[in-house]
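Descriptive structure summary
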Amino acid sequence: MTRFLPRTAPPIRAGGLVAATALLLAAAPHTVASAAPTAAAPVVALGGPAQTALHPYAEGGDGPKRSTARITVTGADDTAYEGEFTVTFDLTGAAGIADVAFEPEAGIECAATAPGSATCTGHGISPGRSTVTDLLLTAAKGSEPGDTGTIRVTGEAEGTAFTPFTTEVTVGGPDLVMHRLPFDHEPVPGQKQQAPITFTNRGSRAADGVVLTLRHSRGLDIPQRYSNCAYTTDEAWTTARCTVEGAFEAGATYTLAAPLTLKTTDRAYRDIFGYGIHEAGAGAGTVRGATAARATRGTTGEVLRAVPAPKPMAARALDLEPGDNEHEADFRTENTADFVAYGDTASGRAGATVTARLGFRNDGPAWIGHLRSGESVAAVDFTVPQGATVTSAPEGCRGVSAEGTALPSGWTGPAPRYVCPTPATVRDDGGLDLSFGLRIDKVLLGAVGRVVVRGPEPRAAGLPFDPEPGNNTARVVLNGESGGPSPAPSDGPGDGASGTPGSATPTPTTGGAGAGAGAGGTVAPGAAQNTATGNGGSLAATGSSTAMAASGLAVTALTAGLVLFTAARRRRRA
């Protein structure tokens, strides 16, 4: 669900609402009962940060600095709730510790309803997670560093049950600030850069241990491995989560005992390196792209350590915000990736269904990833051979007209052409392998389909990273040798993998070697063709105008000679 635009609401002070505790406790049984799920009621979950640190209260200046805790509701994956709902906040547990204001989503109203409580009301809960309101939290006057309180959140809606949620607020805490590293963002393959990870604790207390997170895409590498790091690798990313023990004092700056090395590999093209720091056990458990079940811990190597920096870094304002705990660096490497299209050959009688395997492979050296946009890297454009109909297409492939335009609205039948996008990443040893089912409606000798690997959009069909566009085209050939069946297609590149576009028009036949077929079963160059209509074209014209004007006897003799020549060649093959 997309985030609504925020609207302001007057602050609600928890510190002045202690006297209403009894009133809230009297109402609590009703609230808790409403949150208890029933067998038939769908359940939605309230959520938010488990803990939120507050800047210590300070007089004067711009007033107390504010922290934010976003409260969310997660609906059922397949069902939207259409009615009214109410989310209630019990603020008595944070009285005298935190002052609270609300910044609700558009369409949601929040207001104080009784001393020590507030409610937000709205209409409709979409599937998935959406925001109810941001809690704007400041330390209350008179609070002390280390003071801790709780805010309890419950919900009500007709026919729907809510799981309650509690968030803890604490005055003071560490504020780990990661310093940005001055990388060369346009490296060359093989280049190594030092990464002296440095961070400062700008908070009000020491951090009890930290977790350093390092995440880099496939074109980069960190050769060092450490025994106190857990490593996770998938198609595009490698993530290391390193637990570093120790007390990291407020106001102090730390750096690694030995700087890391960030290497640009031979497969680099467009890559990202992310580095972040969190207090151990506080927001350090979730890493983008990492799956704990697949993580492997380093068994060899030194222990990664952080030591006080020799020179303090420039001070910055205290903010207690997680946004400065991590940074990402983007790299653009001059490199190439050769995308090579491949096709297939198949044969069968009229009415038979054959399988055509086609696609492309990336011969590298670079991998290609659209990591920021998530858009497809390329697309495979397949024009179906004449005389054949697609009976099955890979998931994600869309049918288009013969000209490549969208099919009419409501079209449900097979298409003359298919476009199949790639994922957002293509490894240097990867590609896209596709399998189409083709029914042979009419046997045409050497029926040719075209396979092209191109840019994801027709208006940007080029592949700027590909140094050899000549091998971006291949062919799918049906009944190239005869009208009869043949063995199953091979898994590798078929006829036309060298990249020559298949433009010859097939010759209709009822079986056997028909006139107009060349030695390889394709129509001779210069043959008349009618590819635009997709009707199988016309018969190939052979001979010259002089031969066509010869007497009937000469034609008969020539025909007999051709038959004898063909028979003799077949005997030699046998």
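Please refer to the structure placed before this passage.
Quick summary incoming for the structure in this document. All of these numbers come straight from a predicted model, not from anything done at the bench.

**Points about the overall build of the protein chain**
Counting secondary structure elements, the protein chain contains 3 helices and 39 strands. Burial statistics for the protein chain: of 574 residues in total, 44% are counted as buried. Partitioning the intrachain contacts of the protein chain with sequence separation of at least 6 by distance along the chain shows that 83% fall at a separation of at least 24. In the form shown here, the protein chain has an accessible surface area of approximately 28000 Å², with 54% of it arising from carbon and sulfur atoms.

**Thoughts on the environment of Leu-46**
As for its placement among the helices and strands, Leu-46 is situated in strand S2 (residues 43-47). Taking the C-alpha atoms as reference, Leu-46 lies 7.4 Å from Val-153; in sequence the two are 107 residues apart. In contact with Leu-46, other than residues within four places in its own chain, are Thr-72, Val-73, Val-87, Val-153, Thr-154, Gly-155, Phe-162, Thr-163 and Phe-165.

**A short note on the pattern of salt bridges**
Counted according to the given criterion, the structure contains 12 salt bridges. A salt bridge links Glu-279 to Arg-205, with the shortest nitrogen-to-oxygen separation between them at 3.4 Å. Residue Glu-279 is found in strand S22 (residues 270-279), and its partner Arg-205 is found in the loop between strand S15 (198-201) and strand S16 (207-217); the two are separated by 74 residues along the sequence. One salt-bridge network, in which partners are shared between bridges, spans Glu-235, Arg-427 and Asp-429.

**Some points on the nonpolar core**
Core analysis: the largest hydrophobic core is formed by 38 residues, its most contacted members being Phe-339 and Phe-436. Taken together, the elements giving at least two residues each to this core come down to strand S26 (337-342), strand S28 (353-365), strand S30 (379-383), strand S31 (388-392), strand S33 (417-421), strand S35 (431-440), strand S37 (447-454) and strand S38 (473-478). No other element matches S35, which puts 5 residues into this core. Of all hydrophobic cores here, the second largest spans 32 residues; its members include Leu-54, Leu-91, Val-153 and Phe-162.

**Thoughts on the sheet that holds S15**
Taken in spatial order, the 4 strands of this open sheet run S13-S15-S20-S24, and their pairing is antiparallel. In this open sheet, the two edge strands, each paired with only one partner strand, are strand S13 (176-178) and strand S24 (306-308). On average, adjacent strands in this sheet sit at an angle of 30 degrees to one another, irrespective of strand direction. One ladder, built from 3 bridges, connects S15 with strand S20 (residues 253-256); its direction is antiparallel. If you follow Phe-199 over to S20, its bridge partner there is Tyr-254.

**Points about the state of the cysteines**
Tallied over the entire structure, the rule returns 3 disulfides. Paired by a disulfide, Cys-110 and Cys-120 hold their sulfur atoms 1.9 Å apart. With the S-S dihedral at roughly 110 degrees, the linkage between Cys-110 and Cys-120 falls on the right-handed side. Of this pair, Cys-110 sits in strand S7 (residues 109-114) while Cys-120 is found in strand S8 (residues 117-125), placing the two residues 10 residues apart along the sequence. Summarising the burial analysis for this pair, Cys-110 and Cys-120 share the class buried. Paired through a disulfide, Cys-397 and Cys-420 show a sulfur-sulfur distance of 2.0 Å. Of note, the bridge from Cys-397 to Cys-420 carries an S-S torsion of about 115 degrees and is right-handed in sense. In this pair, Cys-397 is assigned in the loop between S31 and strand S32 (398-400) and Cys-420 in strand S33, connecting sequence segments 23 residues apart. Cys-420 shares its class with Cys-397; the two are buried. Taken N- to C-terminal, the disulfide-bonded cysteines of the protein chain are connected 1-2, 3-4, 5-6.

What counts, and where the lines are drawn
- Residues numbered from 1 in each chain as written.
- Predicted model: local features only at pLDDT ≥ 70, side-chain atom pairs only at ≥ 80, totals over all residues.
- Heavy atoms only, no water.
- Helix = DSSP H or I, 4+ residues; strand = E, 2+ residues; numbered from the N terminus.
- Buried < 20%, exposed > 50% of the residue type's maximum accessible area, 1.4 Å probe, protein only.
- Contact = heavy atoms within 4.5 Å.
- Areas by Shrake-Rupley, 256 points an atom, 1.4 Å probe, with all protein chains shown as cover.
- Salt bridge = Lys/Arg side-chain N within 4 Å of Asp/Glu carboxyl O.
- Core = buried A, V, L, I, M, F, W, Y, C linked by side-chain atoms within 4.5 Å.
- Pairing = 2+ DSSP bridges.
- Axes fitted to C-alpha atoms, helices over the stretch in contact; angles between N-to-C directions.
- Disulfide = S-S within 2.5 Å.

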